[in-house]
Amino acid sequence: MLGTGLLQGLGVTAKNFVGSFHDPARLTTIEYPEVKTKLPEAYRNFPFLVTENATDPMGTLRCVACQICEKECPPQCIYIEKSKDKKPDATGKPQLFPAVFAIDTSVCMSCQICVEVCPFEAIKMDQVYEIATTDRFSALLLNREQLAKSNAYYHEIHPTEAAEVDARLAAERKAAEEKAAAAAAAKAAAAVAKASPVAKPPLTA
Amino acid sequence: MSASDHAALSSQLSTPHVGGANVREVHDSFHGDLLEVSMGPHHPSTHGVFRMIVTLDGETIVKLKPVFGYLHRNHEKLGETVTYLGSMPYTDRLDYLSSMTNNWAYALAVEKLAGQAVPERAEYVRVILAELTRLLNHTCLAGFLMQDCGCSGTPLMYAFREREYILDLFESLSGSRMMCNYQRFGGCRVDPSADWLTGAQKLADRYGTFLDEFETLLTGNEIIIARTQGVGKLSPELAISAGVTGPMLRATGVNYDLRKVDAYGVYPRFDFRVPLGDHGDVYDRYMIRVLEMRESIKILQQALAGLPAGPIMDPKAKLRSFRPKAGEAYGRIEGPKGEIGFYLLSDGSPNPYRYRIRPPSFINLTVLEDMCLGHTVADAVIILGSVDIVLGEVDR
C-alpha cells in the first residue's frame, strides 16, 4: 500500500525521539565545556619533550639533539640546534643536548612519526587540546621550555606506554651500568696486574 | 553562449541520449535561451569545493561541465619530496572518511616494492579495519545522499551517530579519529588490545540492528523511491570503458570486486558475497551500499573470530632509513569508493622517484555528465551524491 514505507519510517523517528528521554544510552551528545569525555589513552595531538626531573627540566631533557625527528618529520615543523658541550643522558652517557628545540604547531599535523623514530624515548605525544590563541605566530611556535614536560606527566596521560618505556630504559641503564662496572673491574685488574708484576703467578711451575 | 553553441545543444535535445523516467518531453516550440548556472564551488550539495557548470533548457540539463582542483595541494609531488614513511600520514588526508584503507593501499604498494612480508595477525587486523571503514563510509554516504534528496537531518544524524562509534574505535586504537596513520610497511603500528577487540565485536554484533532500523526508515520510503529510481542511469558498457570501479560499477551489474579478483591479504579465507545491481540508477547505488555493509559485518565477524596470535609487525621491517631497491610497484585494494591504488617508482633513494595515486572517486566522477543529461538540477544533486566523492581525493 502506498504510504506504508513512510509510516514505518515515521515510527523509527518516533521511537528514537521518545527513546532519548528514557534511555541514557541514546543520549549521544554531552554539554562540552562543562562536561568532557574521557580521552582514550592513545589519543594524540602535539608532541612534547620528556624530562626526567620536573625541578630541573632543561638539565634533564632526554633529547640528545640527534636530529632524526627533524629529518623524518613530514611537514618539517621541528627545528633543532645542537649544544656545544655535553651532559649525561638517561643512561649516564655524556651526550649533546638541544640548545634550541622548536616545534611550529601551526604546521605540525600530529602524525606521531617523530615519536616512532626517536631512539631515546625523548619526544612523546601530548593530549592538551584546548590550545586556541589570539596570536597565530609566536604563540604557536613552541620553544623547548614550553615543550618540556615531566616523565610523571607522561605516566599520567599514557600510563601503559610510559610503563613500557620506563622498563626498557631501566634495562638499558642497568646494562650500561653493568658494562661500565665490568669495564672498571677489568681496568682495575689490569692496573693491579701492571703495578705488581711480582704478584703474578708464575706461568710454569 | 554563442549562437552556434545554442544550435548544437538544441539539436542534441531532440534526441536526449539518457532516458530516465523523469525526463520531460521538450517541445521545440517552447525553446527559450539556454541558461548557464554555476553550481558551486561553495554549494553545500557539492560535498566540498566542487563546481558544476550546468547548461539548462528550462529545468533540463543539456550540458554539464565539472570543474575541480580547488582543493589541489600537490599531493603527488609532495610524495616525491618526503620519505616513504613520511607519505603515510598524507594518505590519511586523501579520502578523509576512509584513511585506514588509504593507509593499507599505500603500505601494500611499498611492501610490494620492498618485498616486505606481513605477519598474519596484521593481515587480519587490516581486514577488520578496512571493513569498519567500509561500514563508516557507506553509512555516511547513505546519510549524505538522503540529505541531498531533501530528508533534512534525520538520516544523516542517525548515520553520524553510528559513525561516531566506529571513530571511537579508531581513536582508541590509533590515537586519532580520522587521521589514523596506522598501517606501517610490514604490519601495523600498535597491537589491538583485548578490550579493543571486545569493542569491535560488540559493534559488529550491534550494527545489523542499526542497519535494520536505517532501512526501515529509508529503503521502502515512497518519496525516496520516487526521487531515486530511474535517475542517473549508467550503462555497464560506459562504466567499464570509463574505468568506473567500486559500488558505482557493481550497481550496473558488473561483477568486479578486487577483494575477489585480486584476493589480496587474507580475503580468500572469508565467506562473503558481492552484491550486484541491475539498473545502475541512484537507488541501486544506495542499495548496493546497504547490502555491502551487511556483507562487511559478516567479514568482520569471521575476521574477529579467526584473529590469530602473534606479532603485529614483521621484526625485520625497517622504520628509519628505509630504502627499497630500484624498481616499480602498484598496490591496489578495494576501498569503500572503488579501486584505490598507489603506483611507486623507486630509484633506490629514501624518497620515491614517482608517486602516483589512482583515486576512485575522481575516476567515478568522469561519467557525471553522462548520468545527468536529461535530468533536472535537483536530480543532478542526488546523482552527484550517489557517486560518493570526497574532494580531498578528487583534487589531491
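Residues numbered from 1 in each chain as written. Chains lettered and ligands numbered in written order. Predicted model: local features only at pLDDT ≥ 70, side-chain atom pairs only at ≥ 80, totals over all residues. Heavy atoms only, no water.

(A) Layout of the nonpolar core. Counting 118 residues, the largest nonpolar core has B:Leu132 and B:Leu368 as the members making the most contacts within it. For this core, the element with the highest residue contribution is helix α5 (residues 120–149) of chain B, accounting for 15 residues. With residues up to four places along the chain from it excluded, the contact list for B:Leu132 reads B:Ile166, B:Leu169, B:Phe170, B:Trp196, B:Leu203 and B:Leu300. Of all hydrophobic cores here, the second largest spans 23 residues; its members include A:Leu61, A:Cys73, A:Ile80 and A:Ala148. (Core = buried A, V, L, I, M, F, W, Y, C linked by side-chain atoms within 4.5 Å. Buried < 20%, exposed > 50% of the residue type's maximum accessible area, 1.4 Å probe, protein only. Helix = DSSP H or I, 4+ residues; strand = E, 2+ residues; numbered from the N terminus. Contact = heavy atoms within 4.5 Å.)

(B) Summary view of the sheet that holds strand β5 (residues 98–104) of chain A. Residue and element names in this part refer to chain A. Spatially, the three strands line up as an open sheet ordered β2-β5-β7, and their pairing is antiparallel. A single partner strand is all that each edge strand has here, and the edge strands are β2 (78–82) and β7 (141–142). Looking at chain direction, β5 and β7 are connected through two bridges and run antiparallel. Bridge pairing links Ile103 to Leu142 in β7. (Pairing = 2+ DSSP bridges.)

(C) Quick peek at the interface of chain A and chain B. Listed as interface residues are 29 residues of chain A and, on the opposing side, 32 residues of chain B. In this assembly, chain A packs against chain B so that about 2400 Å² is buried in total across both faces, 56% of it on carbon and sulfur atoms. For A:Glu116, the salt bridge is made with B:Arg189, and the minimal N-O distance between the two is 4.0 Å. Our count for the chain A to chain B interface comes out at 15 residue pairs in polar contact (both at pLDDT 80 or more). Listing elements by their share of the side of chain A that touches chain B, those giving two or more residues are α1 (4–22), α2 (68–72) and α3 (113–117) of chain A. (Buried area = accessible area lost by both parts, 1.4 Å probe. Salt bridge = Lys/Arg side-chain N within 4 Å of Asp/Glu carboxyl O. Polar contact = N/O pair within 3.5 Å; in protein donor to acceptor, adjacent residues only side chain to side chain.)

(D) Structural view of the sheet that holds strand β1 (residues 47–51) of chain A. All names here are of chain A. Strand order in the open sheet formed by three strands is β6-β1-β8, with mixed pairing between adjacent strands. Because the sheet does not close on itself, it has two edges, and the strands there are β6 (123–125) and β8 (148–150). In this sheet, neighbouring strand axes are inclined to one another by 55° on average, regardless of whether the strands run parallel or antiparallel. (Axes fitted to C-alpha atoms, helices over the stretch in contact; angles between N-to-C directions.)

(E) How the structure looks around helix α3 (residues 84–92) of chain B. Burial within α3(B) is extensive, with nine of its nine residues counted as buried. Turning to α3(B), its buried residues are B:Tyr84, B:Leu85, B:Gly86, B:Ser87, B:Met88, B:Pro89, B:Tyr90, B:Thr91 and B:Asp92.

(F) Layout of a nonpolar patch on the surface. Residue and element names in this part refer to chain A. Together, Phe17, Val18 and Phe21 make up an exposed nonpolar region whose accessible area comes to about 370 Å². Inspection of the secondary structure assignment puts Phe21 in helix α1. For Phe21, a relative accessible area of 65% corresponds to the exposed category. (Patch = residues over 30% accessible without salt bridge, like charges linked within 9 Å, V, L, I, M, F, W, Y side chains within 5 Å. Areas by Shrake-Rupley, 256 points an atom, 1.4 Å probe, with all protein chains shown as cover.)

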